2 protein chains.
Amino acid sequence: MYIGIDLGGTNIAAGIVSEDKKIVCSDSRPTLSERPYTEIVADMAGLCNDLIKKAGVDISDIKGIGIGSPGAIDNKNGVVIYANNLDWNNVPLAEELRKYIDVPVNVENDANAAAYGEYMECGGDMESFVAITLGTGVGGGVIIDGKIYRGFNGVAGELGHTMLVHGGEHCTCGNDGCWEAYASVTALIRQTKAAIAEHPDSMMAGDIKVSGRTSFNAAKAGDKAGREVVDKYIEYVASGINNIVNIFQPNMLVIGGGISNEGDYLLNPIKEYVKKHCYCKAVEQTEIKIASLKNDAGIIGAALACGQ
Amino acid sequence: MYIGIDLGGTNIAAGIVSEDKKIVCSDSRPTLSERPYTEIVADMAGLCNDLIKKAGVDISDIKGIGIGSPGAIDNKNGVVIYANNLDWNNVPLAEELRKYIDVPVNVENDANAAAYGEYMECGGDMESFVAITLGTGVGGGVIIDGKIYRGFNGVAGELGHTMLVHGGEHCTCGNDGCWEAYASVTALIRQTKAAIAEHPDSMMAGDIKVSGRTSFNAAKAGDKAGREVVDKYIEYVASGINNIVNIFQPNMLVIGGGISNEGDYLLNPIKEYVKKHCYCKAVEQTEIKIASLKNDAGIIGAALACGQ
């Protein structure tokens, strides 16, 4: 078995993952990211040892620890080159953790680790696979020939930061018009608020705290302005997915993140859009699905990527 | 040695390619694409036999024939699934050619074959490599781990048909806002004509036949409107390239096609743009270059892809 660690800006979530890809037991601690990295890693080690005790296994049963970390990762050396939300530069994450626990440590970008988890959950036998996450941002991970595709410098797969709307909305990355600035939950909330301002009589105006669900709930209840927000949002999501299909033609593309809880209500119009707009219609088409692991993808993917 | 065939809508160009990646001798014939495919293939076979004679080699010296064909290709079976400009559907190209010449035949998409040629010319030892062609359209080819990346259905790498300008110009593929509709020579000519209509006093208005060179020539001669066309065009090219870099982070990206003859005048501002806009600046960056094989890439790439 392996330990998978999903290192976030807010929490460190970890779990023991069995050979049959299931989380045996899991736990989490706050990251308290303003601390020196050495303290954070000490907590990660403590969390691993607690899990080992809790599961009643021996350290010799753990074949490896996999960490999914935000930022740019040097996978070969287990170093976090740069992670904005942790304020980390060149942190030797694997080396530091191995001071506490003597097992192999593998460090991946968190979106890549989650994509690998979803890939393995879907059988782990496809030639090519893409996972996207519609969350606070838009994340992506690409698996080719069974391996995480990282690019030569480790930072490939930034699917959310490809320009979709030339000269469009400003993105957190500093550029304008990124897919993320139109297809993230953050973008959907912005779009929803704009529609409420324009249609104060809309059902959406009743939501005290506008969320990613506000427009979807209103649309499902027959609210016209809500329907318009959702239709437009889904078109942005779908056109970005269509780009990915035209580029990668993966066997499968899965959609995760908070918005993916909308299920078929989100998925069906995306499938329709891609069917209509994909470049080559004469061949077998990419299967598009809602991700199945959801929040566990990070832990499971990080763990299983150890055995890659 | 191998034979490489670059099958186009207008001409069939073929060449014998040596182990050291050079064209030993080459020739071409008109495609006359309205004929039945059997006649076109018979001409391809005749062209191959002529080349063998001309080069004074024996058929047993030819290890394989590689064909770069437009359209969607089933590489495993050597079938052209669909090629719009040849009006071909499920043409068994390899099988048909083998009726005339008994050597292995490999069929690739033409853009992929050209990309593979450029990859081999650049050493053939990079983990990841992307070639784009700024021609009548915008073509692309991706090489990963030394192999042409085709996707599960053979039609991956349609980089020109990714949306860059949401709701933008109509593209030949039927969608709106494709990168190709902004970065191809066809697009540049459209942009140039629009600028001439707006600035009839521009030097560009003197060009009897507006081409992809019109605006570049005017810009270099100090014409303000020409400079504006070129700046805007290069920004479209560069933002699409920046997308590719954020997705693939390839070791190298090369730019081919007619416009690439502008050399550093085109390349330097693209490099500047990507340096400024790429998502992760803390790591080693993709090398961006002008393609070196130019028109020979198709023949050389198709030939060398036989030995892949």
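Shown above is the structure to which this text applies.
Each value, and the rule that gives it
Within every chain, residues take consecutive numbers counted from 1 along the sequence as written. Working convention: letters from A go to chains and numbers from 1 go to ligands, in the order in which they are written. Predicted model: local features are reported for residues with pLDDT of at least 70 only, side-chain atom pairs are reported and counted for 80 or more only, and whole-chain, interface and lining totals are derived from all residues. The basis for the side-chain values is all heavy atoms of the structure; hydrogens and waters are excluded. In this text, helices come from DSSP runs of H or I with a minimum length of four residues, and strands from runs of E with a minimum of two, each type numbered from the N-terminal end. By convention a nonpolar core is built from buried Ala, Val, Leu, Ile, Met, Phe, Trp, Tyr and Cys residues, the set being connected through side-chain atoms within 4.5 Å. Only protein chains enter the calculation, and the probe is 1.4 Å; a residue is then buried if its accessible area is under 20% of its type maximum, exposed if over 50%, and partly exposed in between. Only heavy atoms matter for contacts: two residues are in contact if any of them lie within 4.5 Å across the pair. Summed over both partners, the accessible area (1.4 Å probe) lost when two parts come together is defined as the buried area. Between Lys or Arg on one side and Asp or Glu on the other, a salt bridge is scored when a side-chain nitrogen of the former is within 4 Å of a carboxyl oxygen of the latter. Side-chain atoms alone can form a polar contact between residues adjacent in sequence; in general such a contact is a pair of N or O atoms within 3.5 Å, and within protein one must be able to donate a hydrogen while the other accepts it. Between N-to-C directions, angles span 0 to 180 degrees; the directions come from axes that are lines fitted to C-alpha atoms, helices contributing only their stretch in contact. Any angle that is under 35 degrees is reported as roughly parallel, and any over 145 degrees as roughly antiparallel; angles of 65 to 115 degrees are reported as roughly perpendicular and all others as oblique. We call a crossing left-handed when the near helix sits turned anticlockwise from the far one by less than a right angle, and right-handed when that turn is clockwise. Residues are grouped as follows: Ala, Val, Leu, Ile, Met, Phe, Trp, Tyr, Cys and Pro are nonpolar; Asp, Glu, Lys and Arg are charged; every other residue, Gly included, is polar.

(A) Spatial organisation of unusual backbone geometry. At Leu32 of chain A, a residue that is not glycine, the phi angle is positive and equals roughly 45°. Along the chain, Leu32 of chain A falls in the loop between β3 (23-30) and α1 (37-55).

(B) Spotlight on the nonpolar core. One finds Ile241 and Phe248 of chain A together with Ile241 and Phe248 of chain B to be the most contacted residues of the largest nonpolar core, which totals 102 residues. With near-sequence residues (within four places) excluded, Ile241 of chain B lies in contact with Ile132, Trp179, Leu253, Ile255, Ile270, Val274 and Ile288 of chain B.

(C) Structural view of the interface of chain B and chain A. The interface is formed by 46 residues belonging to chain B together with 46 residues belonging to chain A. Across the chain B/chain A interface, buried area totals approximately 4000 Å², and carbon plus sulfur atoms make up 61% of it. A per-residue breakdown of the area chain B buries against chain A is headed by Phe152, His166 and Ile247 of chain B, which together make up 20% of the total. Taken together, the links from chain B to chain A amount to two salt bridges. Counting across the interface, chain B meets chain A through 28 residue pairs in polar contact (both at pLDDT 80 or more).

(D) Quick look at the packing of helix α5 (residues 185-198) of chain B against helix α7 (residues 224-248) of chain B. Residues and elements named next belong to chain B. Packing of α5 against α7 brings their axes to within 10 Å, and their N-to-C directions diverge by 150°. With respect to α7, the axis of α5 lies roughly antiparallel. Considering the relative orientation of α5 and α7, their crossing is right-handed. Between α5, through Leu188, Gln191, Thr192 and Ala195, and α7, the contact on the second element is made entirely by Val229, Tyr233 and Tyr236. Class assignment of the residues belonging to the contact of α5 with α7 gives a composition of five nonpolar, two polar and no charged.

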